[in-house]
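# Report on the structure
In case you want the letters, here they are:
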Amino acid sequence: MRKPNPLYVLILLLATALFAGPAAAQSSGLDIQIVGGVKTATPIAVVPFAQPGVAPLPTDVADVIRNDLNRSGKFRSLAKSDIVEFPAKGADIKFATWRLLKQDFITVGSVSDAGGGMLKINYELWDVNKQQNLLAASYTAPAGDLRGVAHQIADAIYQKITGVRGAFWTRIAYITQVGLGNNTSYSLVVADSDGYNPQVVARSHESLMSPAWSPDGKKIAYVSFESGNSQIYVQDLTTGARQLVESHAKGINGAPAWSPDGRKLAVALSYVGNLELFVLDLASRQETRLTHNLAIDTEPVWAPDGQSIYFTSDRSGRAQIYKIPASGGTGERVSFQGQSNSNADISYDGKQLAMVQSNGNVFRIAVMDLGLGGQVHYLSPGSLDFGPSWAPNASMLLYGATEGPRGVLYATSADGMVRQRLALANGSVSDPAWGPYRQQ
């Protein structure tokens, strides 16, 4: 499994493998389990969708919506076993029943044959107490796209009730490791935000690491050791084409991070003799060096406005988070709580900084509020957690954890009260990266 202090990962990879774990299952698919809950979350009933004249479907739309809302931590969906009536449209709802069940909102819907191999999905969202219709819409899609439709419905419900754009219809990327010894295989995988529909983007018998999404969600930059040395590639998810963008023969090429406009990558390179930060212009391939010191500077991440870059450095003696202008300059220390801090990720609004904080041998995901005097709270229990990555609306956060000899992923609500565990049945998974909103 990847070492819990990400500051030294790139250096350690020159001598050792990234992961440890046996064989894979389900074509890199993940076993998924939701743990925890919030008693104060908004109660909502999602009634199983009616299916008049339709053969059994591969996806239960209501189940997907229910699970999406639950894992956000903002909602507490009524258990399917507790649903006693099954209205398919607003006119069928007996509001007294749902008030007795103490539900604030109810979602109803149906899936019907639209012809030509397509299905029509109708849904409505109602306020139970006001008996008021809040949403009503329909989609047309093939059976294979029902999960995507369900995620979009969950997004609409989430936004209507919370006022914040939903992020369920997004994707995540991660690295899997399967096999042992010479049979070890690494894969870069892209999946739906809940871990379903995994697609292998790249494979290698040498380590892959550090996937990073482009702002438009069409490309992923990542590090590969397939040549024997670290190199940075950019993979086009639409065409499957990939491009080698950093390959200095001497030293480390690692930690790619996209600029908000998608034109540049911040990277950590050591061909100059020490691990330093650079900005690579992808069109001209021109490198601009940002840092000049004897410390290790790595793990860059851009602020949402593109004006500055946060990064990890041990220039104070231990790993801490610093901030530097995107054009270069003097680094300003940002993190002070805990023995060390590393592996930062910034929320879309620039207000929250997630990082790996260590105290002794315990590594946990901590979140610093950049607008309230640097207040810090924990989102994970430890003891070996790493790699935080925000959802594009900052309502959830994805991170990796070491459990025994293997790595797993967790998606947690922003308050840490609800966690979704994603694990390979017989392998390791790490290096999570939550993608941007999909383009409509």
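What counts and what doesn't
Residues numbered from 1 in each chain as written. Predicted model: local features only at pLDDT ≥ 70, side-chain atom pairs only at ≥ 80, totals over all residues. Heavy atoms only, no water. UniProt positions renumbered as here; feature names shortened; annotations may be inferred. 1 Å grid on protein atoms, 1.4 Å probe; cavity = no way out; pocket = protein on both sides within 12 Å on 5 of 7 lines; lining within 4 Å. Points joined across faces, edges and corners; volume = space filled by probe spheres on them. Helix = DSSP H or I, 4+ residues; strand = E, 2+ residues; numbered from the N terminus. Nonpolar A, V, L, I, M, F, W, Y, C, P; charged D, E, K, R; others polar. Expected span 1.5 Å × (residues − 1). Buried < 20%, exposed > 50% of the residue type's maximum accessible area, 1.4 Å probe, protein only. Pairing = 2+ DSSP bridges. Axes fitted to C-alpha atoms, helices over the stretch in contact; angles between N-to-C directions. Lys, Arg positive; Asp, Glu negative; His and termini not counted. Salt bridge = Lys/Arg side-chain N within 4 Å of Asp/Glu carboxyl O. Polar contact = N/O pair within 3.5 Å; in protein donor to acceptor, adjacent residues only side chain to side chain. Phe/Tyr/Trp six-rings, centres within 6.5 Å; stacked < 30°, edge-to-face > 60°. Lys NZ or Arg CZ within 6 Å of the ring centre and 35° of its normal. Parallel < 35°, antiparallel > 145°, perpendicular 65-115°, else oblique. Left-handed = near helix turned anticlockwise from the far one by under 90°. Contact = heavy atoms within 4.5 Å. Core = buried A, V, L, I, M, F, W, Y, C linked by side-chain atoms within 4.5 Å.

The name recorded for the protein chain in an unreviewed UniProt entry is Tol-Pal system protein TolB, from Rhodanobacter geophilus. As stated in UniProt under Sequence similarities (unreviewed entry), the record for the protein chain gives "Belongs to the TolB family." Within the UniProt record for the protein chain, the comment given under Subcellular location (unreviewed entry) is "Periplasm".

### Description of the layout of surface pockets
Here the largest pocket defines a volume of roughly 1,100 Å³. Elements that contribute at least two residues to the lining of the largest pocket include exactly helix 1 (9-13), strand 10 (208-213), strand 14 (253-258), strand 18 (297-302), strand 22 (340-346), strand 26 (385-390) and strand 30 (428-434). Per-class residue counts for the lining of the largest pocket are 30 nonpolar, 9 polar and 4 charged. The calculated volume of the second largest pocket comes to roughly 250 Å³.

### A word on helix 4 (residues 146-162)
Taking 1.5 Å of rise per residue, the 17 residues of helix 4 would be expected to cover 24 Å, and the 24 Å separating its terminal C-alpha atoms lies within 8% of that figure. Extensive coverage of helix 4 is indicated by the burial of 12 of its 17 residues. Restricting attention to buried positions, one finds in helix 4 the residues Leu-146, Arg-147, Gly-148, Val-149, Ala-150, His-151, Gln-152, Ile-153, Ala-154, Asp-155, Ile-157 and Tyr-158. Where helix 4 ends, the next residue or the one after it, Gly-163, has phi of about 85°, a positive value.

### Some details on the sheet that holds strand 15 (residues 264-269)
In spatial order, the strands read 14-15-16-17; together these 4 strands make up an open sheet with antiparallel pairing. The two strands at the open ends of the sheet, each matched to only one other strand, are strand 14 and strand 17 (287-289). Across the sheet, the mean angle separating the axes of adjacent strands is 30° when strand polarity is ignored. Alignment of strand 16 (residues 276-281) against strand 17, held across 3 bridges, turns out to be antiparallel. Paired with Val-279 across the strands is Thr-288, a residue of strand 17.

### Description of the side chain of Asp-385
Inspection of the secondary structure assignment puts Asp-385 in strand 26. Comment: no salt bridge for buried Asp-385; closest opposite-charge side chain is Arg-419, at 6.1 Å. Of the polar contacts made by the side chain of Asp-385, one reaches the backbone nitrogen of Gly-382; its length is 2.7 Å.

### Things to note about helix 2 (residues 61-71)
Owing to its 3.6 residues per turn, the α-helix brings residues three or four apart onto one side. Buried residues dominate helix 2, accounting for 8 of its 11 residues. Regarding helix 2, the residues found buried are Val-61, Ala-62, Val-64, Ile-65, Arg-66, Asp-68, Leu-69 and Arg-71. Capping of helix 2 at its N-terminal end is provided by Asp-60; its side-chain oxygen lies 3.1 Å from the backbone amide nitrogen of Ala-62. A positive backbone phi angle near 85° is found at Gly-73, which sits one or two residues after helix 2.

### Quick notes on the packing of aromatic side chains
Applying the stated criterion across every chain, the model contains 7 aromatic pairs. Taking 5.7 Å as the distance between ring centres and 55° as the angle between the ring planes, the aromatic pair formed by Phe-95 and Trp-126 counts as tilted. In this pair, Phe-95 is assigned in helix 3 (residues 95-100) and Trp-126 in strand 5 (residues 118-127), connecting sequence segments 31 residues apart. For Trp-126, a relative accessible area of 15% corresponds to the buried category. What links up through ring pairs into an aromatic cluster is the set Phe-75, Tyr-158 and Phe-168. In this structure, Arg-165 packs its charged tip against the face of Tyr-437, placed 3.6 Å from the ring centre.

### Brief notes about the packing of helix 2 against helix 4
Put simply, helix 2 and helix 4 touch, their axes get as near as 8 Å, and they point 45° apart. As far as their axial angle goes, helix 4 and helix 2 are oblique. Two packed elements cross with a definite hand, and for helix 2 against helix 4 that hand is right-handed. Within the contact between the two elements, helix 2 uses Val-61, Val-64, Ile-65, Asp-68 and Leu-69 and helix 4 uses Leu-146, Arg-147, Ala-150, His-151, Ile-153, Ala-154 and Ile-157.

### Things to note about the nonpolar core
Counting residues in each nonpolar core, the largest one holds 42 residues, and the members touching the most others are Phe-49, Ile-65, Ile-121 and Ile-153. Tallying contributions element by element places helix 4 first for this core, with 7 residues. Residues contacting Ile-121, with those up to four places away along its chain left out, are Phe-49, Ser-110, Val-111, Ala-137, Ser-138, Tyr-139, Ala-141, Leu-146, Val-149 and Ile-153. Core analysis: the next-biggest nonpolar cluster, separate from the first, contains 16 residues, Leu-290, Ile-296, Tyr-322 and Ala-326 among them.

### A few points about the sheet that holds strand 10
Spatial strand order, 10-11-12-13: 4 strands in an open sheet with antiparallel pairing. Of all strands in the sheet, those with a lone pairing partner are strand 10 and strand 13 (242-246), marking the two edges. Going from strand to strand, the sheet's axes swing by 25° on average, the running direction of each strand aside. As paired strands, strand 12 (residues 231-236) and strand 13 are joined by 4 bridges and run antiparallel to one another. Following the sheet pairing, Ile-232 is matched in strand 13 by Glu-246.

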